[in-house]
Amino acid sequence: MATPDFIRTLRASAGRQLLWLPGVTAIVFDDEGRVLLGRRTDTRKWSVVGGIPEPGEQPADCAVREVFEETAVRCVPERVVLVQALQPVTYENGDVCQYMDITFRCRAVGGEARVNDDESLEVGWFAVDALPGLNEFALSRIKQAMTEEPTWFAPVTAG
């Protein structure tokens, strides 16, 4: 996954310490109800599309941009599916990040699914009853996006 320039700048002064960052995930459905997935170059595993907003970029705009950059599919956000603080991640180089993920349900409106950058090995549409092996992160977001339930968030803890 390409590291945005603003994070490289932060890392120059912050070192490897924890960075708290926004993250956006896009669960994109086509008119047949299939979901768009990409097989990532870094993990070689299938996953949903996502990324980090640029400073000042609206989360929904980030979802649209990331989907196009990675898959060449045009989409429109329909609703926020989930908001969740994720556990910290330590990358191979020692950098530590923690993400606040905002997941959007999106509808494809154009383009042909194809690898469109260096972050994906493959991209494709999958029937929800025939998904490739996905981690719990992706599966839970797809499941939530398929419902008409209100936005999911962790239960509030008493202070």
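Preceding block: the structure.
A few points on the structure. (Residues numbered from 1 in each chain as written. Predicted model: local features only at pLDDT ≥ 70, side-chain atom pairs only at ≥ 80, totals over all residues. Heavy atoms only, no water.)

1. Overview of the overall build of the protein
Then step 1. Helix and strand content of the protein: three helices and nine strands.
Then step 2. Each helix (α) and strand (β) of the protein, taken in turn from the N terminus, gives the series α-β-β-β-β-α-β-β-β-β-α-β.
Then step 3. C-alpha atoms of the protein, sized along the principal axes, occupy 45 × 45 × 30 Å.
Then step 4. Taking all contacts inside the protein whose residues are at least 6 apart in sequence as the whole, residues at least 24 apart take part in 72%.
Then step 5. Carbon and sulfur atoms make up 53% of the accessible area of the protein, which totals about 8,900 Å².
Then step 6. Side-chain charges of the protein comprise 16 positive and 24 negative groups, with the mean position of each set lying 3 Å from the other. (Helix = DSSP H or I, 4+ residues; strand = E, 2+ residues; numbered from the N terminus. Contact = heavy atoms within 4.5 Å. Areas by Shrake-Rupley, 256 points an atom, 1.4 Å probe, with all protein chains shown as cover. Lys, Arg positive; Asp, Glu negative; His and termini not counted. Charge placed at Lys NZ, Arg CZ, Asp CG, Glu CD.)

2. Side note on the pairing of strand E1 (residues 19–29)
Then step 1. Across the eleven residues of E1, nine count as buried, placing the element largely inside the fold.
Then step 2. Here E1 pairs with strand E7 (residues 96–110) via eleven bridges, running parallel. Bridging across to E7, Val 24 finds its partner in Ile 102.
Then step 3. Here E1 runs beside strand E4 (residues 49–51); their pairing, made up of three bridges, is antiparallel. Bridge pairing in E4 places Ala 26 opposite Val 49. (Buried < 20%, exposed > 50% of the residue type's maximum accessible area, 1.4 Å probe, protein only. Pairing = 2+ DSSP bridges.)

3. A word on the environment of Ala 127
Then step 1. With respect to the element layout, Ala 127 can be found in the loop between strand E8 (120–126) and helix H3 (136–145).
Then step 2. Taking the C-alpha atoms as reference points, Ala 127 and Arg 16, separated by 111 residues in sequence, lie 40 Å from one another.

4. Focus: the state of the cysteines
Then step 1. Evaluated as defined, the whole model comprises zero disulfides.
Then step 2. With no disulfide of its own, Cys 106 has Cys 75 as its nearest cysteine by sulfur position, at a separation of 4.2 Å. (Disulfide = S-S within 2.5 Å.)

5. What about unusual backbone geometry?
Then step 1. In this structure, Arg 44 is a non-glycine residue whose phi angle is positive, near 65°.
Then step 2. Here Arg 44 lies in the loop between strand E2 (35–40) and strand E3 (46–47).
Then step 3. In this structure Arg 44 comes out as exposed when scored by relative accessible area, which is 54%.
Then step 4. Its identity as a non-glycine residue notwithstanding, Ala 72 has a phi of 65°, on the positive side.

6. Here's the deal with the pattern of salt bridges
Then step 1. For the structure on display, the rule yields 13 salt bridges.
Then step 2. For Glu 32, the salt bridge is made with Arg 34, and the minimal N-O distance between the two is 3.7 Å.
Then step 3. For Glu 78, the salt bridge is made with Arg 107, and the minimal N-O distance between the two is 3.1 Å. One end of the pair, Glu 78, is in strand E5 (residues 74–85); the other, Arg 107, is in strand E7, with 29 residues separating them in the sequence.
Then step 4. On the basis of relative accessibility, which here comes to 40%, the residue Glu 78 falls in the partly exposed class.
Then step 5. Residue classification places Arg 107 among the partly exposed positions, given a relative accessible area of 37%.
Then step 6. Bridged by salt links that share partners, the residues Glu 57, Arg 65, Glu 66 and Glu 69 form one connected network. (Salt bridge = Lys/Arg side-chain N within 4 Å of Asp/Glu carboxyl O.)

7. Things to note about the side chain of Arg 39
Then step 1. Its place among the elements puts Arg 39 in strand E2.
Then step 2. For Arg 39, the side chain forms a polar contact with the main-chain oxygen of Arg 44, separated by 3.2 Å.
Then step 3. Apart from the residues within four sequence positions on either side, Arg 39 is in contact with Arg 44, Lys 45, Trp 46, Glu 119, Ser 120, Leu 121 and Glu 122. (Polar contact = N/O pair within 3.5 Å; in protein donor to acceptor, adjacent residues only side chain to side chain.)

Purely geometric numbers; function is a separate question.
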